[in-house]
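Chain by chain, the residues run as shown.
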Amino acid sequence: MRRAVSLFLNGMQPSRLAAVLAVWCLCLMYVLFQGGKTSLMLFSMVSLLTIYLIGAGFGGVNRVKAQRSVLGGSERAGEQLHAGEQVRVKLEVHVPGLLPMPYMIVREVLQRHNGDSWSFEDSIIPNLRGTGKLVFQTPPLERGRYAFSKTECISEDIFGLMEHKGRIEVQTDFRVLPRTIYIPKWHRNIRNSRLGGTHTTISASRRETTQINGVRDYVYGDRISRIHWNATAKTGSWKSKEFEHESFPKTMIVLDCTAEGFDNAQQFELAVSAAASLIEYGAKEHAGTGLFTTTQEAKMFAPADHAGERMRMIQHLVDVDYNRKGKLIASLEKSYRHFPKGALFLLISPMSGKEASEIMRWVETRGMNPCFLQIHNPNEKKRQDESISLLQSRGISSYSVSSLDELPAALGGGV
């Protein structure tokens, strides 16, 4: 009987409800023509089964409601996510209806903005109230925009006669920021390009002025003249004077996004992470930092020193891709009028040799201070590049890294 019903339902693809009613009508006709207690008992069983299947069809996964939350490493909703972190996803479902449901299979698909996708499948056993919870963890995610597509729910009735499918859409999207690393200091050469001279001033750290900016806790080694006696007497703990620092020239971070320049996506991710780390360093030093990405549609952020603009730059780096065709110099020529005069021009690029020297020479002729950060392919053995030594001999700050962990040491002490 079960096999006959299953075969009949498979033949009636347009509507399962119509198929169930058709079976019931056939049984009714059989009872009317044949009569007898056996036929009546069979009709009663089919009628009860029909009522059950119709009730299951109106409820169940076709009307399921769900709520999804995304948690980062700190397991707090709304926390910023960085590349390399795993995301914990919690899906709470509610299945309306009076009939019990033995289990429900849930299929989730997470899609990245570049087309990559990950699928997750697990089962939920709803309680008597029809609620259940599914918790799963994604693999380590790279930077980008992520969104969940429609969730597919599959269940069967308690007799296993019919399979019910439903699709629900719970709009959930989130962003994964680039990897960053803490940079304690940055040695850089600042030229007096305003007069076109070649005199170089090396500033290893920002010197303090005589202008008091506030009060901070006493640090072992502070001179007695630095102690703030009034604040110490009021608070009962040692306090020291905080002085304002000399401001660095504005910094423009230029990220090379030429498609032919990078060997693979991992090398470009290193360049993006380096740019994001330097933006964070500029915020820590309260130095005006800007960003210029040479993508197919170049984007520029003017140097600024407030958190809102810094976050705009970081959010822009989430979507950036190395898709530009053509030479880097062509993109710079179109936008160089927007670069501030006397700014520190930091180029982050995998280029080397004559091309890198030409870009640095172009920067000098435009009245800016050139600086170069060379990005090596992480999958290849790092080799010494003569162009870096040549640029350093000309007094141009030049660095070379093949991993993000190398960046603080390279900026703090040179190559």
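Note: the structure precedes this text.
None of the values given here were measured: they were computed from a predicted structure.

Analysis parameters
Residues numbered from 1 in each chain as written. Predicted model: local features only at pLDDT ≥ 70, side-chain atom pairs only at ≥ 80, totals over all residues. Heavy atoms only, no water. Pairing = 2+ DSSP bridges. Helix = DSSP H or I, 4+ residues; strand = E, 2+ residues; numbered from the N terminus. Axes fitted to C-alpha atoms, helices over the stretch in contact; angles between N-to-C directions. Buried < 20%, exposed > 50% of the residue type's maximum accessible area, 1.4 Å probe, protein only. Arc of directions from axis to C-beta. Contact = heavy atoms within 4.5 Å. Parallel < 35°, antiparallel > 145°, perpendicular 65-115°, else oblique. Nonpolar A, V, L, I, M, F, W, Y, C, P; charged D, E, K, R; others polar.

Considerations on the sheet that holds strand β20 (residues 397-401)
Reading across from one edge, β17-β16-β15-β18-β19-β20 is the order of the 6 strands in this open sheet, with mixed pairing throughout. Two strands lie at the open edges of the sheet, namely β17 (299-304) and β20, each paired on one side alone. Here the strands of the sheet are splayed against their neighbours by 15° on average, with no regard to which way each runs. Direction of pairing for strand β15 (residues 251-255) relative to strand β18 (residues 344-349): parallel, over a ladder of 5 bridges.

Notes on the environment of Pro 249
Secondary-structure assignment places Pro 249 in the loop between β14 (239-245) and β15. Linking Pro 249 and Ala 343, residues 94 residues apart in sequence, is a C-alpha distance of 5.6 Å.

Observations concerning the sheet that holds strand β3 (residues 88-94)
With antiparallel pairing, 3 strands are arranged side by side in an open sheet as β1-β3-β6. In the strand order of this sheet, the two ends are held by β1 (65-71) and β6 (131-137), each with one partner. Each strand axis lies, on average, 15° off the axis of its neighbour in the sheet, ignoring direction. Note: β1 against β3, 7 bridges, orientation antiparallel.

Structural notes on helix α7 (residues 328-335)
Buried within α7 we find Leu 328, Ser 331, Leu 332 and Ser 335. Along the axis of α7, the buried residues cluster in a sector spanning 100°; they form a single face. Buried-residue contacts for α7 involve β15, β16 (289-293), β17, β18 and α8 (353-365).

Overview of the packing of helix α5 (residues 265-284) against helix α6 (residues 307-319)
At a closest axis distance of 10 Å, the pairing of α5 and α6 adopts a crossing angle of 175°. Accordingly, the angle class assigned to the pair α5 and α6 is roughly antiparallel. Of the residues in α6, those in contact with Val 272, Ala 275, Ala 276, Ile 279, Glu 280 and Ala 283 of α5 are Arg 310, Met 313, Ile 314 and Leu 317. A per-class count over the contact of α5 with α6 returns 8 nonpolar, no polar and 2 charged.

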